[in-house]
Amino acid sequence: MVQASGAEAGLHAAEHETDGRDEPSRGGVRAVERAVRILRAFTPERPWLTLAEIAEAAVVDKATARRMLLTLIGMDLVEQEPIGQRYALGLGVVALGASVPVTVDLRNVAAPHLAGLARETRAMAFLSILREDGAMCIERSHGNPPVDVRIWNVGESLPVNRGAAPRLLLAHLGAEERARRLTRPLGAATPHTLTAPAALEADGALIRERGWAVAVDDIVEGVSALAAPVRDARGRVAAAVSVSGLTPQLIGQDGQPLTDALTRVRTAAAEISRQLQDMHWAR
């Protein structure tokens, strides 16, 4: 007779237990769904959570949450404070994220260009792709900015109406897909955030015409961004390269992007595109 490991036992116990508050999706396995909900409870804004907070977010009782957490700790997907009662994601999650095949080559090609772009502009440089929940940052680089604005961590998504890169990625979708996404409620982070579908459609047409995007004060007042498209071997927009920094670093007194900063962003995006096309890489 083969005995289950402690981690396996924890999963089996959680799978067969029910508290009446959650049901697996059709064809789903309750233990797996609960484990995923626990992992998704952690966010860049709340990286450390108590047992009670995790149980509430995952819709399970605290006893179930504790057993699931012990299993995830054993798999290096969650860690617990040495002294204290809080939990956070473990390094095993980072290893999983780095192995996602759709982004591995893209990130490897882009990383040195982002580092150079961040250094040259003294701003934060980002690489992002479009997902169902918005534009996700998959790589970024610090450039010793005068003020470190902590926004858009790796793995975090921004709504498609906030920021230069999300709006650029939205602009390059097909008309039908753009319309579908623009039927959803779009909140505003500042008074400068575009929320009206007609305004975003007009903005998208301008982005497609000139080949780059600019955003001023639409996520945080006093912070601006520039973005350019990365194209795959089929010529499709697969990602966006962008920089974000204090508005005077990127925007002139006339309200237009500084030529040097915009040129550097477009050059980095073009070079990444060229390398991907040489590799015959396509999403």
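Only a predicted model underlies this, so the values are computations on that prediction, with no experimental measurement involved.

> Explain the packing of aromatic side chains to me, please; I cannot follow it from the model alone.
One pair of aromatic rings is described through two measures. These are the centre distance and the angle between the planes. Applying the stated rule across the entire model yields one aromatic pair. The ring of W212 has R210 lying over it, and the distance from NZ or CZ to the ring centre is 4.0 Å.

> Where do I start with the nonpolar core in this structure?
Here is a general trend for soluble globular proteins: nonpolar side chains tend to be buried in one another's company. In this structure, L106, L127, L226, V230, V241 and V243 are the most contacted members of the largest nonpolar core, which totals 31 residues. Among the elements of the structure, α6 (101-121), β4 (124-131), β5 (134-141), β8 (223-231), β9 (237-246) and α11 (259-278) are those that each provide at least two residues to this core. With seven residues, the single largest contributor to this core is α11. Setting aside anything within four residues of it in sequence, one finds V241 in contact with L114, L117, F126, L127, L226, A227, A228, V230, V265, A268, A269 and I272. If you look at the next biggest cluster of nonpolar residues, it comprises 23 residues, including A164, A165, L168 and A213.

> Help me out: how do you make sense of the pattern of salt bridges in this one?
Any two side chains of opposite charge can pair, given that their charged atoms come close. In the structure shown here, the tally under the stated rule is 17 salt bridges. We note a salt bridge from E132 to R180, for which the minimum N-O separation is 3.1 Å. Taken as a pair, E132 in the loop between β4 and β5 and R180 in helix α8 (residues 175-182) lie far apart in primary sequence, 48 residues in all. When its relative accessible area of 35% is taken as the criterion, R180 is described as partly exposed. One salt bridge connects E132 with R181, and the closest N-O pair in it is separated by 4.0 Å. Of this pair, E132 sits in the loop between β4 and β5 while R181 is found in helix α8, placing the two residues 49 residues apart along the sequence. Among the ionic contacts, a cluster of salt bridges with common partners joins E132, E177, R180, R181 and R184.

> Which parts of the structure should I look at to understand empty space enclosed by the protein?
Summary: where empty space remains is shown by rolling a probe the size of a single water molecule over the atoms. Enumeration according to the criterion identifies two cavities of 30 Å³ or more in this entry. Approximately 130 Å³ is the volume attributed to the largest cavity. What lines the largest cavity is a set of 18 residues, and nearest its centre among them are I151, G163, I219, A225 and S244. Of all the secondary structure elements, the ones that give two or more residues to the lining of the largest cavity are α7 (164-171), β8 and β9. Looking at the lining of the largest cavity residue by residue, the class counts come to 13 nonpolar, four polar and one charged.

> Explanation requested: the sheet that holds β9 in the structure shown.
Whether parallel or antiparallel, the strands of a sheet pair through hydrogen bonds between backbone atoms. Reading across the sheet, the six strands line up as β6-β5-β4-β9-β8-β7 and stay open at both edges, with antiparallel pairing between neighbours. Both outer strands of the open sheet, β6 (157-158) and β7 (213-216), are each paired with one neighbouring strand and no more. Of the strand pairs in this sheet, β8 and β9 are connected by nine bridges, and their pairing is antiparallel. Bridge pairing links V230 to A239 in β9. Sitting on the sheet, α11 touches β8 and β9, and the angle it makes with β8 is about 25 degrees.

> Honestly, the layout of surface pockets in this entry has me stumped. Any pointers?
For the second largest pocket, the calculated volume is near 170 Å³. Across the lining of the second largest pocket, the residue classes break down as five nonpolar, one polar and three charged.

About the criteria used
Residues numbered from 1 in each chain as written. Predicted model: local features only at pLDDT ≥ 70, side-chain atom pairs only at ≥ 80, totals over all residues. Heavy atoms only, no water. Phe/Tyr/Trp six-rings, centres within 6.5 Å; stacked < 30°, edge-to-face > 60°. Lys NZ or Arg CZ within 6 Å of the ring centre and 35° of its normal. Core = buried A, V, L, I, M, F, W, Y, C linked by side-chain atoms within 4.5 Å. Buried < 20%, exposed > 50% of the residue type's maximum accessible area, 1.4 Å probe, protein only. Helix = DSSP H or I, 4+ residues; strand = E, 2+ residues; numbered from the N terminus. Contact = heavy atoms within 4.5 Å. Salt bridge = Lys/Arg side-chain N within 4 Å of Asp/Glu carboxyl O. 1 Å grid on protein atoms, 1.4 Å probe; cavity = no way out; pocket = protein on both sides within 12 Å on 5 of 7 lines; lining within 4 Å. Points joined across faces, edges and corners; volume = space filled by probe spheres on them. Nonpolar A, V, L, I, M, F, W, Y, C, P; charged D, E, K, R; others polar. Pairing = 2+ DSSP bridges. Axes fitted to C-alpha atoms, helices over the stretch in contact; angles between N-to-C directions.

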